[in-house]
Amino acid sequence: MLKIAYHPIYKHPLPKGHRFPMIKYELLPQQLLHEGTCTAENFFEPGFPKEEDLLLTHDASYYHNLVNLRLKPSEIRKIGFPLSKELVEREQIIAQGTIQGCRFAMKYGIAMNIAGGTHHAYTGHGEAFCMLNDQAIGARYLLDKGLATKILIVDLDVHQGNGTAEIFKDEDQVFTFSMHGQGNYPFKKEVSDLDIPLEKGIKDKEYLDILNRTLPELMQQLQPDFIFYLSGVDILESDKLGTLGMTQEGCRERDRFVLQSCFDAKIPVQCSMGGGYTPNIKTIVESHANTYRLAQEIYF
């Protein structure tokens with residue numbers, strides 16, 4: 001069964017006019033249930049993670065300042081959300097959803113998180129709507145528990161996974177692959193194990209050709225025993241924070257290729273949703289929903 005992490009806390013109230021489309025976390029599970037792609041049984045509600053699991057990835061001083069709401073105003077501004085107890089709890093629960101998703105992926109081949117993809121969170125600070133790096137936390141959890149020995153992180157959000165690259169810069173057991181808009185935030189990039197910066201306005205065919213050449217070669221070379229997939233839909237041409245020229249169908253074919261590749265290779269994969277900032281919320285929800293439809297079609 002496809003297991004999906006979701007908690008009502010994912011939809012966190014923000015000031016009126018805030019550019020982050022928080023409502024998608026409420027609408028996406030509703031859409032999946034309404035259309036019959038999923039039933040209530042597919043969803044699990046994560047609780048709070050163990051502090052020790054989070055501290056495998058994040059500095060203790062940063063983490064304790066975050067949970068005790070002691071970050072400096074400049075650090076809060078960098079995150080981009082008003083800091084609150086509920087916001088931090090949300091981030092912790094998202095991380096636990098990814099940790100539990102790792103276990104479900106090992107059992108069923110795949111698991112998903114309605115939120116997550118918080119790849120701008122560094123070891124010792126947060127930025128760009130990210131405070132705790134859920135997939136990095138999941139990867140370190142798997143290594144710590146002896147559940148994986150070689151992990152591949154496939155980050156196809158329009159923004160480089162700068163926090164993830166920093167966290168694993170000296171970690172041979174985790175390979176970070178980020179394919180992102182060259183002109184997109186972060187404007188000072190970190191160094192992933194493999195970065196593919198894409199030119200502005202790149203269309204479906206060229207994007208998919210690059211991915212189709214790169215991913216199978218990486219999987220063959222690395223022989224990972226676990227994959228994390230960050231499936232941001234901010235690669236769409238309509239995205240107000242993106243610079244690429246992808247259609248919804250191209251985004252869907254991207255997801256199909258990644259998930260089919262993991263399925264064919266029998267490598268467990270955990271998927272977190274990442275970004276999506278198209279002005280029309282229906283487009284965001286539909287594009288994310290495609291990832292779940294494909295997971296059901298390919299795996300179950």
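Residues numbered from 1 in each chain as written. Predicted model: local features only at pLDDT ≥ 70, side-chain atom pairs only at ≥ 80, totals over all residues. Heavy atoms only, no water.

(A) Structural detail: the packing of aromatic side chains. The full count for this structure, using the stated rule, is 13 aromatic pairs. Aromatic side chains Tyr-6 and Tyr-10 sit 5.6 Å apart centroid to centroid with 80° between the ring planes, which places their arrangement in the edge-to-face category. For Tyr-6, a relative accessible area of 19% translates into the label buried. Between Phe-20 and Tyr-277 the ring centres are 6.1 Å apart and the planes differ by 65°, which places this aromatic pair in the edge-to-face class. (Phe/Tyr/Trp six-rings, centres within 6.5 Å; stacked < 30°, edge-to-face > 60°. Buried < 20%, exposed > 50% of the residue type's maximum accessible area, 1.4 Å probe, protein only.)

(B) Structural view of the packing of helix 5 (residues 85-108) against helix 6 (residues 134-144). Running from N to C, helix 5 and helix 6 cross one another at 50°; their axes reach a closest spacing of 8 Å. Classed by the angle they form, the pair helix 5 and helix 6 counts as oblique. In the crossing of helix 5 with helix 6, the sense of the turn from one axis to the other is right-handed. Contacts from Ile-94, Ala-95, Thr-98, Ile-99, Cys-102, Arg-103 and Met-106 of helix 5 reach helix 6 at Asp-134, Gln-135, Ile-137, Gly-138, Tyr-141 and Leu-142. Here the residues of the contact of helix 5 with helix 6 sort into 8 nonpolar, 3 polar and 2 charged. (Axes fitted to C-alpha atoms, helices over the stretch in contact; angles between N-to-C directions. Helix = DSSP H or I, 4+ residues; strand = E, 2+ residues; numbered from the N terminus. Parallel < 35°, antiparallel > 145°, perpendicular 65-115°, else oblique. Left-handed = near helix turned anticlockwise from the far one by under 90°. Contact = heavy atoms within 4.5 Å. Nonpolar A, V, L, I, M, F, W, Y, C, P; charged D, E, K, R; others polar.)

(C) Structural view of the sheet that holds strand 1 (residues 3-5). Pairing within the open sheet is parallel, and its 8 strands lie in the order 2-1-3-8-7-4-5-6. In this open sheet, the two strands that pair with only one neighbour each are strand 2 (43-44) and strand 6 (194-198). Bridge count between strand 7 (residues 226-230) and strand 8 (residues 269-272): 4 bridges; the pairing is parallel. When the sheet's bridge partners are listed, Ile-227 is paired in strand 8 with Val-269. Helix-sheet contacts for helix 8 (residues 204-222) involve strand 4 (151-155), strand 5 (174-181), strand 6 and strand 7, and the interaxial angle to strand 5 is about 175°. (Pairing = 2+ DSSP bridges.)

(D) Examining the environment of Leu-142 more closely. Turning to its location among the elements, Leu-142 is positioned in helix 6. Classification of Leu-142 as buried rests on a relative accessible area of 0%. C-alpha separation for the pair Leu-142 and Lys-11, spaced 131 residues apart in sequence, amounts to 28 Å. Ignoring anything within four residues of it in the chain, the contact list for Leu-142 reads Cys-102, Met-106, Leu-147, Ala-148, Ile-151, Phe-226 and Phe-228.

(E) Inspection of the pattern of salt bridges at higher detail. This structure, assessed with the given rule, holds 12 salt bridges. As a salt-bridge pair, Arg-256 and Glu-297 come within 2.9 Å of each other at their nearest N and O atoms. Of the two residues, Arg-256 sits in helix 9 (residues 248-265) while Glu-297 sits in helix 10 (residues 281-299), which places them 41 residues apart along the sequence. For Arg-256, a relative accessible area of 23% corresponds to the partly exposed category. Its relative accessible area of 48% is what places Glu-297 among the partly exposed residues. Three or more residues joined by partner-sharing salt bridges are found here, namely Arg-252, Glu-253, Arg-256 and Glu-297. (Salt bridge = Lys/Arg side-chain N within 4 Å of Asp/Glu carboxyl O.)

(F) Structural detail: helix 9. With 18 residues, helix 9 extends 26 Å between its outermost C-alpha atoms, agreeing within 8% with the 26 Å of an ideal straight helix rising 1.5 Å per residue. Regarding helix 9, the residues found buried are Gly-250, Cys-251, Arg-254, Asp-255, Val-258, Leu-259, Ser-261 and Cys-262. The arc enclosing the buried residues of helix 9, seen along the axis, measures out at 165°, which places them on a common side. The elements touched by buried residues of helix 9 are strand 3 (110-113), helix 8, strand 7, strand 8 and helix 10. Directly beyond the C-terminal end of helix 9, a positive phi value near 60° is found at Lys-266. (Expected span 1.5 Å × (residues − 1). Arc of directions from axis to C-beta.)

(G) Structural detail: the nonpolar core. Among the nonpolar cores identified, the biggest contains 93 residues, and Tyr-10, Ile-114, Ile-151, Leu-152, Phe-177 and Tyr-207 are the most heavily contacted of them. The contacts of Ile-114, once residues within four sequence positions are left out, are Ile-4, Ala-5, Tyr-6, Tyr-10, Tyr-25, Leu-28, Pro-29, Leu-32, Phe-43, Met-273 and Tyr-292. (Core = buried A, V, L, I, M, F, W, Y, C linked by side-chain atoms within 4.5 Å.)

(H) Expanded view of the packing of helix 9 against helix 10. Axis separation between helix 9 and helix 10 bottoms out at 9 Å; the angle between their running directions is 30°. Regarding the angle of helix 9 to helix 10, the classification is roughly parallel. You can see that helix 9 and helix 10 cross each other, and the crossing is right-handed. Of the residues in helix 10, those in contact with Gln-248, Arg-252, Asp-255, Arg-256, Leu-259, Gln-260, Cys-262 and Phe-263 of helix 9 are Thr-283, Glu-286, Ser-287, Asn-290, Thr-291, Leu-294, Ala-295, Glu-297, Ile-298 and Tyr-299. For the contact of helix 9 with helix 10, the residue count by class is 7 nonpolar, 6 polar and 5 charged.

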